[in-house]
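Residues per chain are reported as follows:
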Amino acid sequence: MNNEMLRKKVDQLTIQEKIGQLIQLTGNFFDKHNDSVVTGPQKKIGLNGSYQIHNTGSILNTVDKQQIIEIQRNHLLKSTHKIPLLFMADIIYGFKTIFPIPLAQTCSWNFPLIEESATVLAKECYEEGIHVTFAPMVDLVRDPRWGRVMEAPGEDTLLGERYAESMVNGIQGNGASQHIPKGKLAACIKHFAAYGAAVAGREYNAVDMSENMLKNFFLPSYAKGIEAGAKLVMTAFNTLNGIPCTGNKWLNRDILRDALDFDGVLISDYAAIDELITHGYAENQTSAAKQALLAGVDIDMKTAVYANELEKLVEQNQELHALLDEAVLRVLILKNDLGLFDDPYRGIQTTEEDMTSVVLSKEHKATALKLAEESIVLLKNNKHTLPLSRNQKVALIGPYAEEKATLGFWAITGDEEDTITLKDGLSTLLDSSCLSVARGAYLLDKHTENLYDKYTDKLPVEREDEEALLEEAIAIAKTSDTIVLAVGENTYQSGEGGSRTNPVLPTTQLRLINALSTLGKPIVLVIYGGRPLILTEVEEKVSAILYAWFPGTMNGLAVANLLTGKANPSAKLSMTFPRSVGQIPIYYNELRTGRPQLDEENKYRFASRYIDQSNLPLYPFGFGKSYTHFQYSDFRLNQEEMTKNEQIKVTLTVKNTGSYSGKEIVQLYICDKVSSITRPVKLLKAFKKIELKVGESQRVEFEIDNDMLKFYRPDGSFDSESGDFDIFIGKDSAEHLFKRKIRLVSKHTT
Ligand code: NOJ
């Protein structure tokens, strides 16, 4: 159908039928297939008696194909115009084959591989009958206290853009054609906007930021996802400069629709329209419905506000009726783009053989393993503690040694039972007589256990005597050559609603680390978590640190391959690791100040510094070690001056001078020396991930062009300004092996 035909379809609908298209409910509303009685879930969310369930437009988080078939079938029997339901779900980083959490994925800096993971995600969902996934989440994050950093691409704008683009391409298919091909889903960019900047890292808290910050740092990742063709955008829960995003006309109409040219479906976050009242922005549901519609929100996720209020509003106001029609049309276009009018059961495979050939297939697991290996970061490796050798006696200790809950908070469709544990992974790579295992400590401190059990439905673990656990661990550690200590935060300590004031390892695990560190054996810390944890206290007590994040289904195999050198670590941090909570928010691309501390040794008081701690993070953005060594040399610029139409070529040689083949991520940063608005101390502008065998070298080339130098200026324009720029090249954001000045000129003088 073309848009004209769809517009006619909208005209055929009654007001109630139109409003229904804007309502999203969960599958349990359809259990009884009974429209006439308002009971159970309907009553709970306050739907009034006149709402007809069969008018509903979309379903949230029903992910079982049999239920999807049944709900769709019953719906189509009752729906007057036979408009199929859309099934939308939170499939963020894998359906059954679970990939590492997004914050880990971006540490791979391997965006083709990230796109491949999204292709796998889409394929598995497609065959289950899911139409829309609420991914990618592309909120820029700088505060590891916020639990949702695990879902985000990290602190850097360029990585955020690349992540948004790769995910949309993988989920929807390249080329952003209007129709979504077989095997693909519609993608949803979220949360619009700046949800990652909640004050003090506290979940759902207000966001207050300058236009400079918003436009130059926070908006580009959303813009890139939209440019790649994402069919949906989700509003954010937070206020932005005093106005809740879900009722923010400037944000959603002027910026999203007009400036970013988004013409897809804008869906509210869960209950966010109703929350306009709690924000103190709307007096009641009538006013909340009006604010959201005026702001351009098309779908009301899981509240009764649109359902109960829109009818009387549009009857009184023609302008609102036109907005209602516009929103309904957008929903119908999405259904049409997905091909639902031709096949409401799009993609569903009903025979088990069909399903098993795709879900958790060998190929999908291979992609998950590859991405996990490239996402796990080697933070420390003193005296070549790693890799382990096959016949080394290893004591595998810690609550994560045999833990299967390593999928992370948003893997709602993943099954922990499919996870390979670290013990299983190591058992395949070490001689069996070499590996002994002990728990040593619990995952959570006793006093925090109940908090998490509430969400997990798990009974609190029967706690044995913690002393006995510790003694057992010490006993096996004493007979080993090396201790591999698998620790971390619990899944429920990060993710939505998982803000922490002090993101450190649980006390019980710190006690274990302290006790083992007195034995004089090398300790390799393997750390699981959804955020950069503060590791200052433990860092000096261990010889090596491998940061595993939540690595997904292939957990144990990926970690074991890295520990034993079967795979060589190549990941580099996409988010800074602070030394202490007091340094937060800490990020590499901070704005320049009038009184920078130019030298860490210089303790001059009146500089931008702390008097009780260094300004430097524990591990900077872009940092990650390898088992091999990469030597950078022979830096060249083909010219030092360019006009806006020219490019400057920067070349260098990278040589693998170590004894393992491996991958290196070469990073290029730029600092704008003088401009009409203060610019950051440096900004990542390009990178190359290359693979080199032992002894091999490669010439790496970057091209600096005018686009790299542009920024949003105070007058609203997006442009570069003539003058000097510093170019830095290095292995991370802190240590620059090459620094040179270049100049942008309006025309050459000689
Ligand atoms: C709330 C979350 O903020 C959002 O990311 C998610 O997609 C919705 N709930 C739906 O589950």
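How each quantity is defined
- Residues numbered from 1 in each chain as written.
- Predicted model: local features only at pLDDT ≥ 70, side-chain atom pairs only at ≥ 80, totals over all residues.
- Heavy atoms only, no water.
- Helix = DSSP H or I, 4+ residues; strand = E, 2+ residues; numbered from the N terminus.
- Rg over C-alpha atoms; globule rule 2.2 N^0.38 Å.
- Buried < 20%, exposed > 50% of the residue type's maximum accessible area, 1.4 Å probe, protein only.
- Contact = heavy atoms within 4.5 Å.
- Areas by Shrake-Rupley, 256 points an atom, 1.4 Å probe, with all protein chains shown as cover.
- Patch = residues over 30% accessible without salt bridge, like charges linked within 9 Å, V, L, I, M, F, W, Y side chains within 5 Å.
- Salt bridge = Lys/Arg side-chain N within 4 Å of Asp/Glu carboxyl O.
- Lys, Arg positive; Asp, Glu negative; His and termini not counted.
- Charge placed at Lys NZ, Arg CZ, Asp CG, Glu CD.
- Polar contact = N/O pair within 3.5 Å; in protein donor to acceptor, adjacent residues only side chain to side chain.
- Pairing = 2+ DSSP bridges.
- Phe/Tyr/Trp six-rings, centres within 6.5 Å; stacked < 30°, edge-to-face > 60°.
- Axes fitted to C-alpha atoms, helices over the stretch in contact; angles between N-to-C directions.
- Near = heavy atom within 4 Å.
- Nonpolar A, V, L, I, M, F, W, Y, C, P; charged D, E, K, R; others polar.
- Domains from an automatic or database assignment.
- Parallel < 35°, antiparallel > 145°, perpendicular 65-115°, else oblique.

A. Spotlight on the overall build of the protein chain. Broken down by element type, the protein chain carries 21 helices and 26 strands. Here the C-alpha atoms of the protein chain give a radius of gyration of 27 Å, agreeing with the 27 Å that 2.2 N^0.38 yields for 750 residues. Along the longest, intermediate and shortest principal axes, the C-alpha atoms of the protein chain span 75 × 75 × 50 Å. Here the protein chain holds 750 residues, and the buried ones make up 61% of them. Expressed as a percentage of contacts within the protein chain between residues at least 6 apart in sequence, the contacts between residues at least 24 apart total 78%. For the protein chain, the accessible surface area stands at approximately 29,000 Å², while carbon and sulfur atoms represent 47% of it.

B. Structural view of a negative patch on the surface. Judged by side-chain charge, D254, D258, D261 and D263 come together as a negatively charged surface patch. Among the secondary structure elements, D263 is positioned in the loop between α9 (249–259) and β9 (265–267). For D263, a relative accessible area of 65% translates into the label exposed.

C. The arrangement of the environment of Q613 in detail. Among the structural elements, Q613 can be located in the loop between α21 (555–563) and β17 (630–637). Separated by 127 residues in sequence, Q613 and A486 have C-alpha atoms that sit 29 Å apart. Not counting the four nearest positions on each side in its chain, Q613 is found in contact with R579, S580 and Q583.

D. Layout of the side chain of N381. Residue position: N381 is located in strand β11 (residues 377–381). There is a polar contact of 3.2 Å between the side chain of N381 and the backbone nitrogen of T385. A polar contact is formed between the side chain of N381 and the backbone nitrogen of L386, at a distance of 2.9 Å. The residues contacting N381, other than those within four sequence positions of it, are L386, S543, A544, K625 and Y627.

E. The sheet that holds strand β6 (residues 232–235), seen in detail. Taken together, the eight strands give an open sheet; going across it, the order is β9-β6-β5-β4-β3-β2-β1-β10, and neighbouring strands pair in parallel fashion. Edge positions in the sheet fall to β9 and β10 (300–301), since each of these pairs with one other strand and no more. With two bridges joining them, strand β4 (residues 132–133) and strand β5 (residues 186–192) adopt parallel strand pairing. Bridging across to β5, T133 finds its partner in A187.

F. Up close: the packing of aromatic side chains. In total, this model carries 21 aromatic pairs according to the counting rule given. Aromatic pair Y400 and Y528: ring centres 4.4 Å apart, planes at 20°, arrangement stacked. Taken together, the residues Y400 in the loop between β12 (394–397) and α16 (422–429) and Y528 in strand β15 (residues 523–528) connect sequence positions 128 residues apart. Side by side, Y400 and Y528 carry an identical accessibility label, which is buried. Aromatic pair F409 and Y492: ring centres 5.8 Å apart, planes at 75°, arrangement edge-to-face. Residue F409 is found in the loop between β12 and α16, and its partner Y492 is found in the loop between β14 (482–488) and α19 (507–517); the two are separated by 83 residues along the sequence. Since its relative accessible area comes to 22%, F409 is described here as partly exposed.

G. Representation of the sheet that holds β11 within the structure. With mixed pairing, six strands are arranged side by side in an open sheet as β11-β16-β15-β14-β12-β13. At either margin of the open sheet sits one strand with a lone partner, and together these are β11 and β13 (435–438). In this sheet, adjacent strand axes meet at a mean angle of 15° when their direction is disregarded. Both β12 and β14 contribute to a ladder of four bridges, which runs parallel. What sits directly across from L396, in β14, is V484. Against the sheet, α16 makes contact with β12, β13, β14 and β15, and its axis sits at roughly 170° relative to β13, the strand it touches most.

H. Structural view of the site of the ligand. Lining the immediate environment of the ligand, one finds 13 residues, of which D90, R148, K190, H191 and D269 sit closest. At a separation of 2.5 Å, an oxygen atom of the ligand approaches a polar side-chain atom of D269. Relative to its unbound accessible area of 300 Å², the ligand is 95% covered by the protein chains. For the shell around the ligand, the class distribution of residues is six nonpolar, two polar and five charged.

I. The arrangement of the domain arrangement of the protein chain in detail. Domain assignment breaks the protein chain into domain 1 (3–354), domain 2 (377–564) and domain 3 (630–744). Once you take the C-alpha centre of each, domain 2 and domain 3 turn out to be 37 Å apart.

J. Fine view of unusual backbone geometry. Cis peptide bonds are those with omega within 30 degrees of zero, and the linkage from A135 to P136 qualifies with 5°. Within the fold, P136 resides in the loop between β4 and α7 (157–172). Between L386 and P387 the backbone carries a cis peptide bond, its omega angle lying at 0°. Tracing the backbone shows P387 in the loop between β11 and β12.

K. Structural view of the pattern of salt bridges. Throughout the structure, instances matching the rule amount to 34 salt bridges. The salt bridge involving R145 is made with D143; its shortest N-O contact spans 2.8 Å. The salt bridge partner of R253 is E326, with a shortest N-O separation of 3.4 Å. On the criterion of sequence distance, the pair formed by R253 in helix α9 and E326 in helix α13 (residues 318–337) is long-range, its members being 73 residues apart.

L. Highlighting the packing of helix α12 (residues 305–316) against α13. Here α12 crosses α13 at 125°, and the two axes come no closer than 5 Å. By the angle between their axes, α12 is oblique relative to α13. Contact with α12, carried on its side by L310, L313, V314 and Q316, involves Q318, L320, H321 and L324 of α13 and no other residues of that element. Split by residue class, the contact of α12 with α13 holds five nonpolar, three polar and no charged.

M. A look at the side chain of R531. Positionally, R531 belongs in the loop between β15 and α20 (536–539). R531 sits in the buried class, given a relative accessible area of 0%. One polar contact links the side chain of R531 to the main-chain carbonyl oxygen of P144, over a distance of 2.5 Å. At 2.7 Å, the side chain of R531 forms a polar contact with the side chain of E489.

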